[in-house]
Every structure is written in C-alpha cells, then in structure tokens.
Amino acid sequence: MFLKGRTAIVTGSTSGIGLAYARAFAGAGATVVINGFGEAGAIAAIRAELAAASGADAYHDPADMTRGEEVAALVAQAAARTGRVDIVVNNAGIQHVSPIEDFPPEKWDAVIAINLSSAFHVMRAAVPHMKMAGWGRIISTASAHSLVASPNKAAYVAAKHGLVGLSKTVALETAAHGVTVNCISPGYVWTPLVENQILDTMRARGLTREQVIDDVLLAAQPTKKFVTPEQVAALGLFLCRYEAASITGANLSVDGGWTAA
Ligand code: NAD
C-alpha cells in the first residue's frame, strides 16, 4: 500500500491499458480518478472495484480529451476533491488506419488531440501541484510507434513521436523538483483499440482476421505474443517507487522485442 494518501489520475481508463493502470494504483492504496467513455453501470462497477481494492475513494471524470479546457478541469477537479495531484497517466488514445492520401483531416485532428494535445493540457495543469508538493510522477502511454513507423498510421505515429518529445522536455523542466516524466511504449496489447484496428486493417489491406493477427500485428513482435495490459501497468507502478526516482525523460519499451529489430 505504498501509494496510500496519494491521488492518481489515469486518462482513458474505462478500458484496456488505462484500466490496468487504475487497478495497479488502487491495489497500492491510491485514490484513483478514472476517465473515459462507457456505459454508466459499467463505470460504477469499476469505481466500486477500485475503491474496494484501495480502501480509498475512486472517482470517474467524463472529460473529453479532445477539449483542452475539459482536460485542464479534470486535473483541477481532482485537486479540489482530494487536495493533491501526485500521479498522472496520459493514456487516452485512439487509432485511425488509412493511407495518407485518403486520411480524413478530421481523423488527423482527433488523433493528435486525444493522443498528444491532451497530455500537454494534463501536464500543464498538473505540474504546479507536483512542484508545490516536491514529488510527482507523470507517465505517458506512448507506443512502439513512438520509435518506428508503420504504413497507414500517419497521425498515430506523429502523435506518439510527439508525446516522447513533450515528455523529455517536461522531464528537464521538473527534474529538480522531485518529479519524473517518462513514456512507456508497448508493442501490441490485446485491447478494444487493437480489436478495432484488426477490422480496419482487414478492410484496408483485403486480409482475413488471422492474416492481420499473424502477418501484420505479431509479425513485428519477436515473442509472437501480445503484451498484456497488466505488464504495462506493472512498469508504471514501479515508476512510482522511490527506487525509480532517477528514471526520468526515458521512453521504456514493453514490446516483446519489436523495436530491437
Ligand atoms: P482502449 O480503446 O481499450 O482504451 C482507450 C481509452 O481511452 C478508453 O477508456 C476510452 O473511453 C478512452 N478515450 C477514447 N477517446 C477519448 C476521449 N476523447 N476522451 C476521453 N477518453 C477517451 O485502448 P488501449 O489499447 O487500452 O489504449 C490505451 C493507450 O495505449 C492509447 O494511448 C494507445 O495508443 C496506447 N497503446 C496501445 C497499444 C495496443 O496494442 N493496444 C499499443 C501501444 C500503445
């Protein structure tokens, strides 16, 4: 329970990797603020599960990550409710798969807003609280696509490369204040985001479901296994420990060897 008394905000945590982060922080005793879309009953069940695990409160904030003012308000609300902002995970993300010449400009804008600009708004609002407390952890879920590209993912690859640059910059600005800022870059993790991508890639490349999984997704991953959300979240939890206090400005891969190739 080493996070007892601390507040952790995880954007995009009603599903997938974000939910695994929320569970990991709650398991360590933190008050968790979850965010993201979903059915009211399912969100209430997640809140109850997290509160039972932590022995502390768990809130849901419905802020839309495409709207900068809602993102900033999410951080302000968490501070008002709990009196602190110790840990933030920029995790909300969407994907769109399309060749550049057909890439809809509104999809470009949405991917950049949710996967990159929301992290800017979260950091801008959270850093003053962390500097004041002399302690903070900022973690962003980047991707193997922050290091290498794949065809048909122009906006996603641009956003994830940008997220690493943003994190390195804020790491330098906060290094003397007890705040660390890092990216975690998973390979393919079996979540609803990947499930949707399978359908898009089947359409875009005229492939079967099995061909997309074996020849497109896991082809890049030498372990030939999907990463699990819990493996990603476990590294995030480690970054909150005292032993990780010297890790800042890093982009840590959890990608089954993908970017070693
Ligand atoms: P997911 O689809 O399971 O979850 C995405 C979450 O973001 C959901 O809670 C959803 O409600 C929320 N969200 C989406 N749009 C939002 C918006 N406008 N405002 C607020 N919340 C919004 O996806 P996931 O696979 O768990 O992805 C989480 C993160 O991990 C993303 O940043 C993604 O790019 C990254 N990632 C995923 C993989 C993978 O293989 N799944 C690999 C590398 C990186």
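What this report covers is the structure whose coordinates are included nearby. The structure presented is a predicted model; accordingly, all values stated were derived computationally and were not measured.

So, unusual backbone geometry
Then comes step 1: A positive phi angle, close to 75 degrees, is found at Asn152, a residue other than glycine.
Then comes step 2: Following the sequence through the fold, Asn152 ends up in the loop between β5 (136-141) and α5 (154-174).
Then comes step 3: For Lys224, which is not glycine, the phi torsion reads 60 degrees and is therefore positive.
Then comes step 4: Note that Lys224 resides in the loop between α7 (209-217) and α8 (229-239).

What about the side chain of Arg137?
Then comes step 1: Mapped onto the elements, Arg137 comes out in strand β5.
Then comes step 2: Buried and unpaired, Arg137 has Glu243 as its nearest opposite-charge partner, separated by 8.1 Å.
Then comes step 3: A polar atom in the side chain of Arg137 sits 3.5 Å from the backbone oxygen of Gly178.
Then comes step 4: Excluding residues within four positions of it along the chain, Arg137 makes contact with Asp86, Ile87, Val88, Met130, Gly178, Thr180, Leu239, Cys240, Arg241 and Ala245.

Side note on the site of the ligand
Then comes step 1: The environment of the ligand is made up of 30 residues, and the closest members are Thr14, Ser15, Tyr156, Val189 and Thr191.
Then comes step 2: Within the side chain of Tyr156, a nitrogen or oxygen atom sits 2.6 Å from an oxygen atom of the ligand.
Then comes step 3: For the ligand, whose accessible area on its own is 830 Å², the fraction buried by protein is 93%.
Then comes step 4: Secondary structure elements with two or more residues in the shell around the ligand: α1 (16-27), α5 and α6 (192-205).

Observations regarding the nonpolar core
Then comes step 1: Ile9, Val85, Val88 and Ile138 are the most contacted members of the largest nonpolar core, which has 37 residues in total.
Then comes step 2: Within the residue set of this core, elements represented by two or more residues are α3 (68-82), α4 (105-133), α5 and β6 (179-186).
Then comes step 3: Ignoring any residue separated from it by four or fewer positions in sequence, one finds Ile138 in contact with Val88, Asn90, Met123, Val127, Met130, Val179, Thr180, Val181 and Asn182.
Then comes step 4: Counting 33 residues, the second largest nonpolar core, distinct from the first, contains Leu19, Val32, Ile139 and Val254.

Procedures and definitions
- Residues numbered from 1 in each chain as written.
- Predicted model: local features only at pLDDT ≥ 70, side-chain atom pairs only at ≥ 80, totals over all residues.
- Heavy atoms only, no water.
- Helix = DSSP H or I, 4+ residues; strand = E, 2+ residues; numbered from the N terminus.
- Buried < 20%, exposed > 50% of the residue type's maximum accessible area, 1.4 Å probe, protein only.
- Lys, Arg positive; Asp, Glu negative; His and termini not counted.
- Salt bridge = Lys/Arg side-chain N within 4 Å of Asp/Glu carboxyl O.
- Polar contact = N/O pair within 3.5 Å; in protein donor to acceptor, adjacent residues only side chain to side chain.
- Contact = heavy atoms within 4.5 Å.
- Near = heavy atom within 4 Å.
- Areas by Shrake-Rupley, 256 points an atom, 1.4 Å probe, with all protein chains shown as cover.
- Core = buried A, V, L, I, M, F, W, Y, C linked by side-chain atoms within 4.5 Å.

The quantities given are spatial measurements derived from coordinates; they are silent on function.
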